[in-house]
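Residue-level structure breakdown
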Amino acid sequence: MFYNLNGDVMERIIFHIDVNNAFLSWSAVKLLNEGYTVDIRNIPSIIGGDESSRHGIVLAKSPVAKKYGIKTAETIYSARKKCQNLKVFSPNMNYYKEMSKKMIDYISNYSPDLEQFSIDECFLDLTGTSYLYDDILALAYKIKDEINEKFGFTVNIGIGNNKLCAKMASDFEKPNRVHTLFENEIESKMWPLPIENLFMVGKKTADKLKKMGFYTIGDVARSDCNKLIKEFKTFGSTIYELANGIDNSLVDSTVTQSKSISVSLTLVKDTDDINLLKKILLSQVDDVGRTLRKKKLYATVVAVTFKTSEFVSFSKQCSTVFPINSNNAIYDKVISLLYKSWNFEKIRNIGVRISGFTDKRVTQTSLFEDSNKNYADEKIQAVLDNIKDKYGSNIINLASLIDKK
């Protein structure tokens, strides 16, 4: 339950705002602003990785390209075989971040309770704002239309009584739409949908559910939760709650407000090879760690992020007992988090994020973390950073980062 200052129960109102085909839309806006005469959203086009590599893949596709059967994550080589006049454009992450920031800054004018969920989507909590906005649906249309007018791209807005329902609603029909999924609409709007449409249910999970006789979200919602727990362990109860539209998580504005340093990698081939993943994470820790130390900062929050082959995203973070900035200390946390959050399914994308920065090195006695060891690691790390700064990043590396012939 959510209450106002008078103790009255308030109905939660959550918006989920999602950019339609973000990478391709943002690239189209940039090209048009630079004088490009064609809107690439209206021609067979894709945003793709390095085409000089045979492993270059499709990151985003236009609606016209989709009609040719081109799919996200297939190789550009394969996509060109389906459409000979296909236009390929390289991604521009710096510009995407710029457009994302503009959108988030604009949306935050309507409520400070905003959580950025990814580069192209966010949640906005409007609970208790009826004295400001007497017509929530009209407000959603206003935000949607103004984003298009101000920035040149479209969004979908889903409205619900929690984050799950708002996100599900924003996916109903695209592009440039507003949809609602309130508590009293779950049975009529969400339950008839195919089970694979349920948030967090990937292809493999959906296939297992179908074998159990669950073909729609409603089938799961009306089922025996214990049957799901027997098959999926604790995730079974999560599936059951999601199917019934149950989600009590808060819109966490600190996620948006906190500064972070992060790096991620989309793999050429999905993998569950733990040794390869450890090597990638070790290299990423070196990247974020060096950036942290150059800023003369320490981190108090460490996170590992990954996306499975079924495009399901996971993020697990923890706080440190005292601020850290050495690679060893960060890496130990990252690997621990990976084992706690990963079910050993194949991974498509993996990354590291650190946040909660401070410029003061504070230590304390702890049963769980050795501050003296971390201080020694920092001194060694400073020497290694100096060598790399002087002679190049590849002059010295841990043995585990070197391929053994």
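Structure's up top.
This text gives an overview of the structure that appears in the document. (Residues numbered from 1 in each chain as written. Predicted model: local features only at pLDDT ≥ 70, side-chain atom pairs only at ≥ 80, totals over all residues. Heavy atoms only, no water.)

Examining the overall build of the protein chain
This is how the line gets drawn: Helix and strand labels come from DSSP, where a helix needs a run of H or I of at least four residues and a strand needs a run of E of at least two; each type is numbered from the N terminus. Accessibility here uses a 1.4 Å probe with only protein chains present; expressed as a share of the type maximum, an area under 20% marks a residue as buried, one over 50% as exposed, and anything in between as partly exposed. In this analysis, two residues are considered to be in contact whenever any of their non-hydrogen atoms come within 4.5 Å of each other.
Assigned secondary structure in the protein chain consists of 15 helices and twelve strands. Counting all 405 residues of the protein chain, 44% fall into the buried class. Summarising the internal contacts of the protein chain: among those between residues at least 6 apart in sequence, 62% fall at separations of at least 24.

Observations concerning the sheet that holds strand E7 (residues 155-160)
For sheets, the rule is that strands pair by backbone hydrogen bonds, running either parallel or antiparallel. Our working rule: Two strands qualify as a pair provided that DSSP identifies no fewer than 2 bridges between them. Fitted lines through C-alpha atoms serve as axes, helices being fitted only where they are in contact, and the angles separating the N-to-C directions of these axes extend from 0 to 180 degrees.
The strand order across the open sheet built from five strands is E5-E6-E1-E7-E8, with neighbouring strands paired in mixed fashion. Two strands bound the open sheet, and with one partner strand each, they are strand E5 (114-118) and strand E8 (178-181). Direction aside, the axes of adjacent strands within the sheet are offset by 20° on average. Where E7 lies against E8, four bridges are found, and the strand directions are parallel. The partner of Gly-158 across the bridge, within E8, is His-179. Strands in contact with helix H5 (residues 136-151) are strand E1 (14-19), strand E6 (121-125), E7 and E8; relative to E7, the strand with the most contacts, it is inclined by about 160°.

Quick word on the sheet that holds strand E4 (residues 87-89)
An order of E3-E2-E4 is seen for the three strands of this open sheet, with the pairing classed as mixed. Whereas interior strands pair on both sides, the edge strands pair on one side only; in this sheet they are strand E3 (58-61) and E4. Put simply, the sheet's adjacent strands are angled 30° from each other on average, direction ignored. Both strand E2 (residues 45-48) and E4 contribute to a ladder of three bridges, which runs parallel. Each bridged residue has a counterpart across the sheet, and for Ser-45 the counterpart in E4 is Lys-87. Here helix H1 (residues 22-33) sits on the sheet in contact with E2, E3 and E4, set at roughly 105° to E2.

A look at helix H13 (residues 274-294)
Put simply, the rule reads: Expected span, for any helix, means 1.5 Å times one less than how many residues it has. N or O atoms closer than or at 3.5 Å make up a polar contact, with two conditions inside protein: a donor-capable atom paired with an acceptor-capable one, and, for residues adjacent in sequence, both atoms drawn from side chains.
The first and last C-alpha atoms of H13 sit 30 Å apart over 21 residues, in line with the 30 Å expected at 1.5 Å per residue. Turning to H13, its buried residues are Leu-277, Ile-280, Leu-281, Leu-282, Gln-284, Val-285, Asp-286, Val-288, Gly-289, Arg-290, Leu-292 and Arg-293. One side-chain oxygen of the residue at the start of H13 lies 3.0 Å from the amide nitrogen of Asn-275, identifying that residue as Asp-273.

Some remarks on the packing of aromatic side chains
Our working definition: Stacked, edge-to-face and tilted labels apply to pairs of Phe, Tyr and Trp rings (six-membered ring for Trp) whose centres lie within 6.5 Å, assigned for plane angles under 30 degrees, over 60, and everything in between, in that order.
A full pass over the atoms with the stated rule returns twelve aromatic pairs. Taking the centre distance of 5.8 Å and the plane angle of 85° together, the rings of Trp-26 and Phe-153 count as edge-to-face. Highlighted residues: Trp-26 in helix H1 and Phe-153 in the loop between H5 and E7, separated in sequence by 127 residues. For Trp-26, a relative accessible area of 0% translates into the label buried.

Considerations on H1
With twelve residues, H1 extends 16 Å between its outermost C-alpha atoms, agreeing within 8% with the 16 Å of an ideal straight helix rising 1.5 Å per residue. Check the buried side of H1 and you find it contacts E1, E2, E3, E4, helix H4 (93-107) and H5. Trailing H1 by a residue or two, Gly-35 shows a phi angle of about 100°, which is positive.

Digging into unusual backbone geometry
Cis geometry marks the peptide bond from Lys-174 to Pro-175; its omega dihedral reads 0°. On the secondary structure map, Pro-175 appears in the loop between helix H6 (163-170) and E8. Phi at Lys-233 is positive, roughly 60°, even though this residue is not glycine. With respect to the element layout, Lys-233 can be found in the loop between helix H10 (225-232) and helix H11 (234-243).

Details of the pattern of salt bridges
For the record, the criterion: Any Lys or Arg side-chain nitrogen located within 4 Å of an Asp or Glu carboxyl oxygen qualifies as a salt bridge.
Applying the stated criterion to the full structure yields 17 salt bridges. For Asp-171, the salt bridge identified is with Lys-174, shortest N-O distance 3.3 Å. Judged by relative accessible area, Asp-171 falls into the partly exposed class, the value being 40%. Judged by relative accessible area, Lys-174 falls into the partly exposed class, the value being 43%. Where salt bridges share partners, they join Asp-18, Asp-171 and Lys-174 into one cluster.

Quick word on the side chain of Asn-156
Along the chain, the position of Asn-156 falls in strand E7. There is a polar contact of 2.9 Å between the side chain of Asn-156 and the backbone oxygen of Ser-170. In this structure the side chain of Asn-156 is engaged in a polar contact, spanning 3.0 Å, whose partner is the backbone nitrogen of Arg-177. Not counting chain neighbours up to four residues away, the residues in contact with Asn-156 comprise His-16, Ile-17, Asp-18, Asn-20, Ser-170, Glu-173, Lys-174, Pro-175, Asn-176, Arg-177 and His-179.

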